[in-house]
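The lines below spell out each chain.
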Amino acid sequence: MKRAGLVLVATALIGVGVGAAGSTAAPTPAALDASEARVASAVQVPAGNKVVAKFYAKGVQTYTCTTGAWKGLEPAATLADRLGRAVALHSRGPIWVSTVDGSAVEAAPVDGARNEVAGAVPELLLKAKSTRGAGTFAGVSYVQRLATKGGLAPAGACTAEGAQTSVPYEALYTFSAPAV
């Protein structure tokens, strides 16, 4: 009973970033492992690195109307572990911050390292620019955004300069560090 309550609380926290849209079901171990065998070559982590953490993200991609077009502004997502516990936040930078130990990693997309996904934001490979803390994200060298669902900018032009809209998305994020 105690474990079920913990999963329900964590699942509710995950749903906070999405609002009423989308399911708040906790990820299963299968969901966290599902894309491992299907990672596109364009977003592969270079040899000499190993995965140190995998988290399932659920949140929104926020866009702003700029000169008649929707432009990406920022992500806002909660990351959950294999048990569905909220363990990190993802936001503009892009940056990921552990809510467990305060460690963080900021990364930037690797040029050309993207895999287009029908109906969803692309899968990406990002290289760490900086890390802080001695916890989960210490020493992270690469971040992968995989198994994406949703999050695409609205179709067509926009007319209200500065208007914003948020689109629900989900992804699997893997964090790699140099193999020792």
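Residues numbered from 1 in each chain as written. Predicted model: local features only at pLDDT ≥ 70, side-chain atom pairs only at ≥ 80, totals over all residues. Heavy atoms only, no water.

Caption draft 1: Quick look at the overall build of the chain. When helices and strands are tallied, the chain shows 2 helices and 8 strands. By residue count, 40% of the 180 residues in the chain fall in the buried class. For the chain, long-range pairs separated by at least 24 residues make up 63% of all intrachain contacts whose partners lie at least 6 apart in sequence. With an accessible surface of roughly 9,000 Å², the chain has 59% of that area assigned to carbon and sulfur atoms. (Helix = DSSP H or I, 4+ residues; strand = E, 2+ residues; numbered from the N terminus. Buried < 20%, exposed > 50% of the residue type's maximum accessible area, 1.4 Å probe, protein only. Contact = heavy atoms within 4.5 Å. Areas by Shrake-Rupley, 256 points an atom, 1.4 Å probe, with all protein chains shown as cover.)

Caption draft 2: View of the state of the cysteines. For the structure on display, the rule yields 1 disulfide. Put simply, Cys65 and Cys158 are joined by a disulfide, and their sulfur atoms are 2.1 Å apart. When the S-S torsion is 95 degrees, as for the bridge of Cys65 with Cys158, the disulfide is right-handed. Of this pair, Cys65 sits in strand β1 (residues 49-66) while Cys158 is found in the loop between β7 (142-150) and β8 (164-178), placing the two residues 93 residues apart along the sequence. (Disulfide = S-S within 2.5 Å.)

Caption draft 3: Seen up close, the packing of aromatic side chains. The final tally for this structure, using the stated rule, is 5 aromatic pairs. In textbook terms, an aromatic cluster arises when at least three aromatic residues are bridged by ring pairs, as seen for Phe55, Trp96, Phe137, Tyr173 and Phe175. (Phe/Tyr/Trp six-rings, centres within 6.5 Å; stacked < 30°, edge-to-face > 60°.)

Caption draft 4: Region of the structure containing the nonpolar core. In terms of nonpolar packing, the biggest core is built from 22 residues, with Leu79, Trp96, Phe137, Val143, Tyr173 and Phe175 touching the most fellow members. With near-sequence residues (within four places) excluded, Phe175 lies in contact with Lys50, Val51, Val52, Ala53, Phe55, Leu79, Trp96, Val105, Phe137, Val140, Tyr142 and Val143. In this structure, Val39, Val43, Tyr142 and Leu172 belong to the second largest nonpolar core, which totals 9 residues. (Core = buried A, V, L, I, M, F, W, Y, C linked by side-chain atoms within 4.5 Å.)

Caption draft 5: Spotlight on the environment of Arg145. Mapped onto the secondary structure, Arg145 falls in strand β7. Non-local contacts of Arg145, meaning those with residues more than four positions away in its chain, are made with Gln61, Val121, Pro122, Glu123, Leu124, Ala171, Leu172 and Tyr173. For Arg145, the side chain forms a polar contact with the main-chain oxygen of Pro122, separated by 2.7 Å. (Polar contact = N/O pair within 3.5 Å; in protein donor to acceptor, adjacent residues only side chain to side chain.)

Caption draft 6: Main features of the layout of surface pockets. Quantified by volume, the largest pocket comes out at close to 330 Å³. In terms of lining, the largest pocket is formed by 20 residues, of which the most central are Gln61, Pro75, Pro94, Leu124 and Arg145. Those elements giving two or more residues to the lining of the largest pocket turn out to be β1, β2 (69-80), β5 (104-117) and β6 (120-132). Here the residues of the lining of the largest pocket sort into 11 nonpolar, 5 polar and 4 charged. (1 Å grid on protein atoms, 1.4 Å probe; cavity = no way out; pocket = protein on both sides within 12 Å on 5 of 7 lines; lining within 4 Å. Points joined across faces, edges and corners; volume = space filled by probe spheres on them. Nonpolar A, V, L, I, M, F, W, Y, C, P; charged D, E, K, R; others polar.)

Caption draft 7: A look at the pattern of salt bridges. For the structure on display, the rule yields 4 salt bridges. In this structure, Glu116 and Arg114 form a salt bridge, with 2.8 Å as the shortest nitrogen-oxygen distance. Accessibility expressed as a relative area gives 44% for Arg114, which makes it partly exposed. (Salt bridge = Lys/Arg side-chain N within 4 Å of Asp/Glu carboxyl O.)

Caption draft 8: Fine view of the pairing of β5. Direction of pairing for strand β4 (residues 95-98) relative to β5: antiparallel, over a ladder of 3 bridges. Residue pairing for β5: Ile95 is matched across the bridge by Glu106. Where β5 and β6 come together, 9 bridges link them in antiparallel fashion. If you follow Ala108 over to β6, its bridge partner there is Lys127. Count of turn residues in the β5/β6 antiparallel hairpin: 2 residues, of which Gly119 carries a positive phi of about 75 degrees. (Pairing = 2+ DSSP bridges.)

Read these as layout, nothing more, since geometry by itself doesn't imply function.
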